[in-house]
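Summary of structural features
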Amino acid sequence: MNPTQTTAWHQLSDHAQALAPRHMRELFAADPARPRHFRTKACGILLDYSKNRLNDDTLRHLVALADECDLRSHIRAMFDGEAINGTEGRAVLHTALRAQGDCQVLVDGEDVIPAIRGVRERVNAFARQVRSGAWKGHSGESISDVVNIGIGGSDLGPYMVCEALRPYADGPRVHFVSNVDSLHLTQTLATLDPARTLFVIASKTFTTLETLTNARSARAWLVAAGGEAAVARHFVAVSTNAEKVAQFGIDPANMFGFWDWVGGRYSLWSAIGLPIAISIGPQRFDEMLAGAFAMDQHFRTAPLAENLPVLLGLIGLWCVDFLGASSHAIAPYNQTLHRLPAFLQQLDMESNGKRVRADGSEVDYATGPVIWGEPGTNGQHAFFQLLHQGTAMIPVDFILALAQPGQKEPHRTSQIANCLAQSAALMLGKTEGEVRAEMSARGATEAAIEALLAHRVFPGNRPSNTLLLDDLSPRTLGALLALYEHKVFVQGSIWGINSFDQWGVELGKQLASGLEERLRGASAPACDASTEALLAYIAER
Ligand code: F6P
């Protein structure tokens, strides 16, 4: 359905106009209870959304919008395994991968839980063997380094999690190679011993050009050192495509499967998480699944107005469609979350970067924003200038885990102070009066004040969410990632788009494969004039 046709959308449009002249300073002044009122906690995560341009009426209208757009039944349909990915005719069941206890999830009448648990047992058993040294390389040595070769969802999720949970890493070192640029692979391999290196070739389709190119080069590196017979002890695959895995030369006994109803960007909970299980151990991997499951339960059962993913989704949509934000920044204040912005980029932008609704009709409202970011204090010294004083209004998610193994003073106090200071500065800003008072207290002349006044004023009123995590344990991380997955789902449901396909990546792939053949000397039809000119330039060199 078109959400703009709902009563709530019209009410939100009127309401946005009425609220526009009110600065957040005023909203806080008018309601001393605001900081406690606009916050909610679940699964070890406090979401403080008080620093948004909203009030109770806004939330009421947003929840009404979710109701009118039938969000509840969309949630039910996803968890129940309905084929909600219409353009690919698939169910969307990453949630089943982390389901706990006795349960059944049916796809085409078949319970998928036994198959999920069967693969998980194999993944865990294999991870244990690699971690304990029981899995030997071709020359009888144990594995010291694991190299995951994959891209997109077959890289970003496991890479981000292995980094986030690095303080828990007690297995072999894990490395991630994704870029087709040979330097990514060669620089990774430069210090590794082929006899002690295990490659995990991760590709849902096993047709992805970058992954196969890197996998072939890795194979050649191994074979040069250990001969063809070494492949069986040093290559495993994670894929849905057993045939292609076998064609590549990996024994299907060394393949860990998953299913077409697991989207690439939602796949870290599946066998794609193998490097995670090897790095931190199966038990902690299971704790991460349990944390995600807890968030799933919260999402399914909590009232919409107290539901973390629903709130995060609705507030984001409010910023995009009613306040004009076209971008959303992610600022994690824990260094080990440094790949979280990149992970969320794929999760959000590949899911909701759509311009037609599920029925093919064109949208006449904004959908997914540009997602970007960096660890907080680094970002402060890079792009926060624009967040504070630029012309664009960019909402920010500030994310801070309050406890993490290895976190030390005085760093922790600075981490907290910086995170809170930035969201306060964005909200409060600094008025002309405050700048004047501050400068004259420091003895500045009237002329100096006038010369700098405009430059030193901060408009403020810039929205942000603060997510405070009790800790950065596997469990809380699992909950955080499920929170963002469901946030994306909430927005996609209301926008009426299919968040689970990605046709937009196909055209470039198609053109690249034609160009690659051409560059390798095959005859091919001429390209567009611009590409021809660039090809000619490259050929001259
Ligand atoms: O090109 C986009 C994409 O299809 C992503 O959706 C996916 O995560 C990535 O490529 C990798 O795909 P695969 O796991 O099949 O190699």
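The structure we're discussing is the one just above.
Presented here is an overview of the structure given in this document. (Residues numbered from 1 in each chain as written. Predicted model: local features only at pLDDT ≥ 70, side-chain atom pairs only at ≥ 80, totals over all residues. Heavy atoms only, no water.)

1. As for the overall build of the protein chain
Threshold: Where helices and strands are cited, they refer to DSSP runs of H or I of at least four residues and of E of at least two residues respectively, numbered from the N terminus. As a reference, a globule follows 2.2 Å times the number of residues to the power 0.38, and the radius of gyration itself is taken over C-alpha atoms. Each residue is assigned to one of three classes by its accessible area relative to the maximum for its type, calculated with a 1.4 Å probe on protein chains only: buried under 20%, partly exposed between the two thresholds, exposed over 50%. Contact between two residues is taken to exist if any of their heavy atoms lie within 4.5 Å; hydrogens are not considered.
Scanning the protein chain from terminus to terminus reveals 23 helices and 13 strands. Taking 2.2 N^0.38 as the reference for a compact globule, 541 residues should give roughly 24 Å; the C-alpha atoms of the protein chain span a radius of gyration of 25 Å, in line with that estimate. In terms of overall dimensions, the protein chain has C-alpha extents of about 80 × 60 × 55 Å along its principal axes. Out of the 541 residues in the protein chain, the part that is buried amounts to 52%. Contacts in the protein chain between residues far apart in sequence, at least 24 positions, make up 75% of those at least 6 positions apart.

2. Here we look at the pairing of strand β1 (residues 39–42)
In plain terms, the rule: Strands are labelled as partners when DSSP assigns at least two bridges between them.
Of the two faces of β1, the one lined by T40 and A42 is fully buried and the one lined by R39 and K41 carries no buried residue. What sits between β1 and strand β2 (residues 45–48) in their antiparallel hairpin is a turn of two residues, with C43 showing a positive phi close to 55 degrees.

3. A closer look at unusual backbone geometry
Note that the residue after E409, namely P410, is joined by a cis bond; omega there is 5 degrees. By the element assignment, P410 lies in the loop between β12 (396–401) and α18 (411–428). The backbone of C43 sits at a positive phi, close to 55 degrees, despite the residue not being glycine. As for its position among the elements, C43 is in the loop between β1 and β2. For C43, a relative accessible area of 28% gives the class partly exposed. We note that F206 has phi near 55 degrees; this positive angle belongs to a residue other than glycine.

4. Quick look at the nonpolar core
Under the convention used in this document: The definition of a nonpolar core used throughout is a set of buried Ala, Val, Leu, Ile, Met, Phe, Trp, Tyr and Cys residues joined through side-chain atoms within 4.5 Å.
With 117 residues, the main nonpolar core has L340, L477 and L480 as its most contacted residues. Beyond its immediate stretch of four places on either side in the chain, L477 contacts V161, A164, L165, M288, L337 and L472. Residues L185, F199, L222 and I250 belong to the second largest nonpolar core, which totals 21 residues.

5. Structural notes on the side chain of R357
Condition: When charges are counted, neither His nor the chain ends are considered; positive counts come from Lys and Arg and negative counts from Asp and Glu. One side-chain nitrogen of Lys or Arg within 4 Å of one carboxyl oxygen of Asp or Glu is enough to make a salt bridge.
Looking at where R357 falls in the secondary structure, it is placed in the loop between α15 (340–352) and β11 (370–373). With no salt bridge to any partner, buried R357 finds its closest opposite charge in D359, at an N-O distance of 4.3 Å. Leaving out residues up to four positions away in the same chain, R357 has contacts with M1, N2, E362, V363, D364, Y365, W495, G496 and I497.

6. Side note on the packing of aromatic side chains
Here is the rule: Two rings belonging to Phe, Tyr or Trp (six-membered ring only in the last case) form a pair when the distance between their centres is within 6.5 Å. Interplanar angles under 30 degrees mark stacking, angles over 60 mark edge-to-face geometry, and anything in between is tilted.
All chains considered together, the criterion is met by 20 aromatic pairs. Where F206 meets F248, the ring centres are 6.0 Å apart and the plane angle is 75 degrees; that geometry is what we call edge-to-face. Of this pair, F206 sits in the loop between β7 (197–202) and α9 (209–226) while F248 is found in helix α11 (residues 242–248), placing the two residues 42 residues apart along the sequence. For F248, a relative accessible area of 13% corresponds to the buried category.

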